[in-house]
Amino acid sequence: MNGKRPIAVVGLGYVGLPLAAAFGKLMPTVGFDINPARVDELRAGRDCTLEVDPGALAEATQLSYSSESGDIAACPRSSSRDGASMIVWAAMLRGRCSNS
């Protein structure tokens, strides 16, 4: 990842995914979600929430996705001067995706 420590965006819903995609265009970013099906969908370039279109996902060339907590271990903590992890808590809305 270009020798830079990645940032982490935890929660890839309707708030976290657009944030992760924006950062993923600029710097190494790990998008983390606890739902492996959601991560698989995003890796395939699809977003069932329709918050980020496939073209924007493809432009986020420095964005990777994971549902494994160990993958965000290398990301700086929010108190680090090297970077930050971002945790996005948003209200869960049933029906936003076919798998909800």
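Below you will find a few notes about this structure. Quick caveat: nothing in here was measured; it's all calculated off a predicted structure.

### Section: the overall build of the chain
Item 1. Of the regular secondary structure elements, the chain holds three helices and four strands.
Item 2. Going from N to C terminus, the chain has its helices and strands arranged as β-α-β-α-α-β-β.
Item 3. Evaluated residue by residue, the chain yields a buried proportion of 36% over its 100 residues.
Item 4. Surface exposure of the chain reaches about 6000 Å², of which carbon and sulfur atoms provide 55%.

### Brief notes about the pattern of salt bridges
Item 1. Counted by the stated rule, this structure contains four salt bridges.
Item 2. Between Lys 25 and Glu 59 there is a salt bridge whose closest N-O contact spans 3.3 Å. Of this pair, Lys 25 sits in the loop between α1 (16–24) and β2 (29–32) while Glu 59 sits in helix α3 (residues 54–59), placing them 34 residues apart in sequence.
Item 3. Overlapping salt bridges bring together Arg 38, Glu 41 and Asp 47 as one network.

### Looking at the nonpolar core
Item 1. Within the largest apolar cluster, 13 residues are counted, with the highest numbers of intra-cluster contacts made by Leu 17, Leu 42, Val 52, Leu 57 and Tyr 65.
Item 2. Top contributing element to this core by residue count: α1, with three residues.
Item 3. Beyond its immediate stretch of four places on either side in the chain, Leu 42 contacts Leu 12, Leu 17, Asp 47, Leu 57 and Tyr 65.

About the thresholds
Residues numbered from 1 in each chain as written. Predicted model: local features only at pLDDT ≥ 70, side-chain atom pairs only at ≥ 80, totals over all residues. Heavy atoms only, no water. Helix = DSSP H or I, 4+ residues; strand = E, 2+ residues; numbered from the N terminus. Buried < 20%, exposed > 50% of the residue type's maximum accessible area, 1.4 Å probe, protein only. Areas by Shrake-Rupley, 256 points an atom, 1.4 Å probe, with all protein chains shown as cover. Salt bridge = Lys/Arg side-chain N within 4 Å of Asp/Glu carboxyl O. Core = buried A, V, L, I, M, F, W, Y, C linked by side-chain atoms within 4.5 Å. Contact = heavy atoms within 4.5 Å.

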